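# Overview (structure and organization)
Below are the chains, spelled out letter by letter.
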Amino acid sequence: KPDGVIDRDQIAQIKVTDLTIVTVESKEREERETRKVAQEGAEAAKKEKEKEKEDFIRKFAPLVAALTEAERKAVISCRDKATCDKAFSLTQIYITQTSDQKIQIATDTIIETYNPTEEGKIGLAATRTPGRGTSASIRLSATCKDGIFSLELCLVRKKGALAVFPLFIQEKLK
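Structure report, in brief. (Residues numbered from 1 in each chain as written. Predicted model: local features only at pLDDT ≥ 70, side-chain atom pairs only at ≥ 80, totals over all residues. Heavy atoms only, no water.)

Moving on, we get to the overall build of the protein. The number of helices and strands found in the protein is three helices and five strands. The secondary structure elements of the protein, listed N-terminal to C-terminal, are α-β-α-β-β-β-β-α. Here the protein, with 174 residues, has 24% of them falling under the buried criterion. Here the analysis covers contacts within the protein between residues at least 6 apart in sequence; of these, 56% occur between residues at least 24 apart. (Helix = DSSP H or I, 4+ residues; strand = E, 2+ residues; numbered from the N terminus. Buried < 20%, exposed > 50% of the residue type's maximum accessible area, 1.4 Å probe, protein only. Contact = heavy atoms within 4.5 Å.)

Given below as structure tokens:
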């Protein structure tokens, strides 16, 4: 064969090589496009998640703030043993009337219901902490079984139970 002349086997080999190169380049292009689409999708999902979080905060922030305030105020202070004993007995009555759950533990320092097992249901707990002399403080806390559709209900119910507690005790101690 003279130099520069290509036979059939060489032509077939060149075609296969060219086809392989084209196929590899095509696959690489597809992979780049797929990664780009995936990245854009991930960025869009992240933005959507951030928007949902902002919407959630905007919607529930006032309610969460009110609940936080109710938690802060759900404390009764008493000066002497007789008043503290009566206030803690009234706390047990309040928990029985207000909680969706039965009382699980009741000692001279703790009253606690079972944890709620159904969405939107609340449980309550109270602790009696001794102070100076015969004084003490009684703090009420609330739990709620929340879910996708019951979060707002839980926030409202917890806030209500905690906000009414000091009023109930003060009224009954008069």
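Next up on the list: the nonpolar core. Of all hydrophobic cores here, the largest spans 26 residues; its most connected members are L140 and F165. For this core, the secondary-structure elements that each account for two or more residues are helix 1 (8–73), helix 2 (81–98), strand 4 (122–130), strand 5 (136–144) and helix 3 (151–173). Here this core gets seven residues from one element, more than from any other, and that element is helix 3. When neighbours within four sequence positions are excluded, L140 is seen to be in contact with A74, Y94, I95, L124, A125, A126, A161, L162 and F165. (Core = buried A, V, L, I, M, F, W, Y, C linked by side-chain atoms within 4.5 Å.)

Okay, the pattern of salt bridges next. Counted according to the given criterion, the structure contains nine salt bridges. As a salt-bridge pair, R58 and D55 come within 2.9 Å of each other at their nearest N and O atoms. Of this pair, R58 and D55 both sit in helix 1, separated by three residues, roughly a single helical turn. Under the relative-accessibility criterion, R58 is labelled exposed at 56%. (Salt bridge = Lys/Arg side-chain N within 4 Å of Asp/Glu carboxyl O.)

Looking along a regular strand, one sees side chains alternate from face to face of the sheet. Relative to strand 3 (residues 110–113), strand 2 (residues 103–106) runs antiparallel, the two sharing three bridges. Residue I105 lies in a different strand from strand 3, and its bridge partner there is E112. If you look at the hairpin formed by strand 2 and strand 3, you'll find three residues sitting between the two strands. (Pairing = 2+ DSSP bridges.)

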